[in-house]
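Each chain, letter by letter, is given below.
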Amino acid sequence: MELYFSSDYDTNSLFLLQVPKDLLNNLEKEEELIIKGTSPTILCTKNKGYELKLLETTNTLLLIKDKEGSSDQKEIILKADHSIEASNTTPRKYYIYNLLKKFCVLKYDINTGENNLSSFKQKYSLKDLFSLCDLPSLQFNHLISETHIFEFDENTSCIFDFSFVIEILGPLLKCLSYNNKHKFNDLNEMFQILLSTDTNLNIVLDKMNKNEKRNLVEYISDINGEEVILNVEKIKLFIAKSLFHSNDGNANFDFKLVNFVQLFNNALSLYLPIELYEQDSKQTNKYLSENTCEDNLYPVYKDFDLRFLIGKCIIYMSKSYNEPLIKWIDKSQLNEKFEERINELYTIKFTWNIKELTLFMEDLEIGNVHDRILRLTRPVQEDNIFDKTKKISELYLRKNPFFNKKI
């Protein structure tokens, strides 16, 4: 075989890329491929990201093709002593959300209607945020929805200050509950009900654009086209977060469980229209009476259905109060490295069950999370705090000295 340098020889636009099989399948299907970032550099398909790394070799790599008109002559179109390796990577899921929490938190003065947009230290469009994050497009769009990031205008993306969200949605839900209405033709119809009762918010709502109003309403509703329908599960999550937030701006407050349930249930009866409240009460009573509640926020807790808080809150026993507490945990504030995350969670409480740990690790998107947790922990059978006749398998951190007292 004879080799010749081709007239197409190109070291600038051609490179060798080693890819895992799943990425090769995407390449063959010609699906979305985007390269972004410099450190690290990430190659993204629609739903998965791969880190690109330079891989040097002592061998010379040749990319060749058949020479036109000859069966035994080849043309070299690239010669290289390195390739680029595409390997699986764990994306920083909440990076852009935390960036906005630091620089771009929007709020209004209820009395004057003025916002703080001019005080933003930095501004980012959605396109900027996509370029800055490690996430592929599908996960990016999901994060935007999950964290209520929105475009104030084409150059500025932001999130609302949650205290301001409470100031608007609290009165709005009270008005809707009083009017016993949960379906609306559009956003204007919903807000007109509020303004007909609470004129204090006239100035603020007049100055807000449609994107802002839509973002607020999506905390508690589903929007299909123009139609707006209250979503009970969203409202319950909003109420729960509001209760924690009202005690501590970072939602780090621990409630006595019995007090939280009482406050939550009172708020639910106040904020839900009668029809929706009765439907939810029937579903709750049916769940509590017909099930063992093994899948509740804490296994066999039967006083209230708290499944909607799974992955958001934990219930644990406090020695200080000698009764169960409930705590809100914001995953966006947790460390994004596995071992550091484990250590951080174990500063919150001494023992975790495998289901809880897995839920508070799922955003890391790492493989074999179950096995990795078990390498760092030791299981012990503990009494269920709500039923002493039952046991629950709890995990202690191996290096935790408290564990040594239990074995």
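Above this text sits the structure in question.
What you are looking at is a predicted structure, and each value in this text was computed from that prediction instead of being measured.

Cut-off values and rules
- Residues numbered from 1 in each chain as written.
- Predicted model: local features only at pLDDT ≥ 70, side-chain atom pairs only at ≥ 80, totals over all residues.
- Heavy atoms only, no water.
- Core = buried A, V, L, I, M, F, W, Y, C linked by side-chain atoms within 4.5 Å.
- Buried < 20%, exposed > 50% of the residue type's maximum accessible area, 1.4 Å probe, protein only.
- Helix = DSSP H or I, 4+ residues; strand = E, 2+ residues; numbered from the N terminus.
- Contact = heavy atoms within 4.5 Å.
- Pairing = 2+ DSSP bridges.
- Axes fitted to C-alpha atoms, helices over the stretch in contact; angles between N-to-C directions.
- Expected span 1.5 Å × (residues − 1).
- Arc of directions from axis to C-beta.
- 1 Å grid on protein atoms, 1.4 Å probe; cavity = no way out; pocket = protein on both sides within 12 Å on 5 of 7 lines; lining within 4 Å.
- Points joined across faces, edges and corners; volume = space filled by probe spheres on them.
- Nonpolar A, V, L, I, M, F, W, Y, C, P; charged D, E, K, R; others polar.

Ranked by internal contacts, the top residues of the largest apolar core, which has 83 residues, are F260, L306, L309 and I326. Among the elements that make up this core, the one with the highest residue count is helix 5 (residues 162-179) (9 residues). Ignoring anything within four residues of it in the chain, the contact list for L309 reads L237, A240, F260, L297, I326 and W328. Among the nonpolar cores identified, the runner-up in size contains 19 residues, and Y316, L334, I342 and W352 belong to it.

Right, let's talk about the sheet that holds strand 18 (residues 387-397) for a bit. Here 3 strands make up an open sheet; going across it, the order is 16-18-17 and the pairing antiparallel. Each end of this open sheet is capped by a strand with a single partner; those strands are strand 16 (351-352) and strand 17 (377-384). Sheet contacts for helix 12 (residues 338-346): strand 16, strand 17 and strand 18; angle to strand 18, the most-contacted strand, approximately 135 degrees.

Before going further, it helps to examine the sheet that holds strand 13 (residues 254-256). Ordered by their spatial adjacency, 3 strands build an open sheet running 13-15-14, and the pairing between neighbours is antiparallel. Both edges of this open sheet fall to strand 13 and strand 14 (313-318), since each of them pairs with a single strand only. Strand-to-strand twist of the sheet, defined as the mean angle between neighbouring strand axes without regard to direction, takes the value 35 degrees. Contacts between helix 10 (residues 257-271) and the sheet are confined to strand 13, strand 14 and strand 15 (323-328), with strand 13 contributing the most and set at about 90 degrees to the helix.

With that settled, the discussion passes to helix 11 (residues 274-290). With 17 residues, helix 11 should cover 24 Å at 1.5 Å per step; its first-to-last C-alpha distance of 24 Å lies within 8% of that length. Along helix 11, the positions that sit buried rather than exposed are L276, D280, T284, Y287 and L288. Viewed along the axis of helix 11, the buried residues span an arc of 95 degrees, placing them on a single side of the element. For helix 11, exposure combined with an orientation more than 90 degrees from the buried face picks out I274, K282, S289 and E290.

The buried count for strand 14 comes to 5 of 6 residues, which makes it a mostly enclosed element. For strand 14 and strand 15, the ladder comprises 6 bridges, and the chain directions are antiparallel. Considered in strand 15, the bridge of I315 is made with I326. Hairpin connection between strand 14 and strand 15: a loop of 4 residues separates the two successive antiparallel strands, and N322 in this loop has a positive phi of roughly 55 degrees.

Estimated volume of the largest pocket: approximately 1,400 Å³. As for the largest pocket, its lining consists of 50 residues, and the residues nearest its centre are Y97, E146, T147, H148 and K241. Of the residues in the lining of the largest pocket, the class split is 20 nonpolar, 14 polar and 16 charged. Looking at the second largest pocket, it is lined by 21 residues, and the ones nearest its centre are M317, K319, T351, I385 and Y396. For the lining of the second largest pocket, the secondary-structure elements that each account for two or more residues are strand 14, strand 17 and strand 18.

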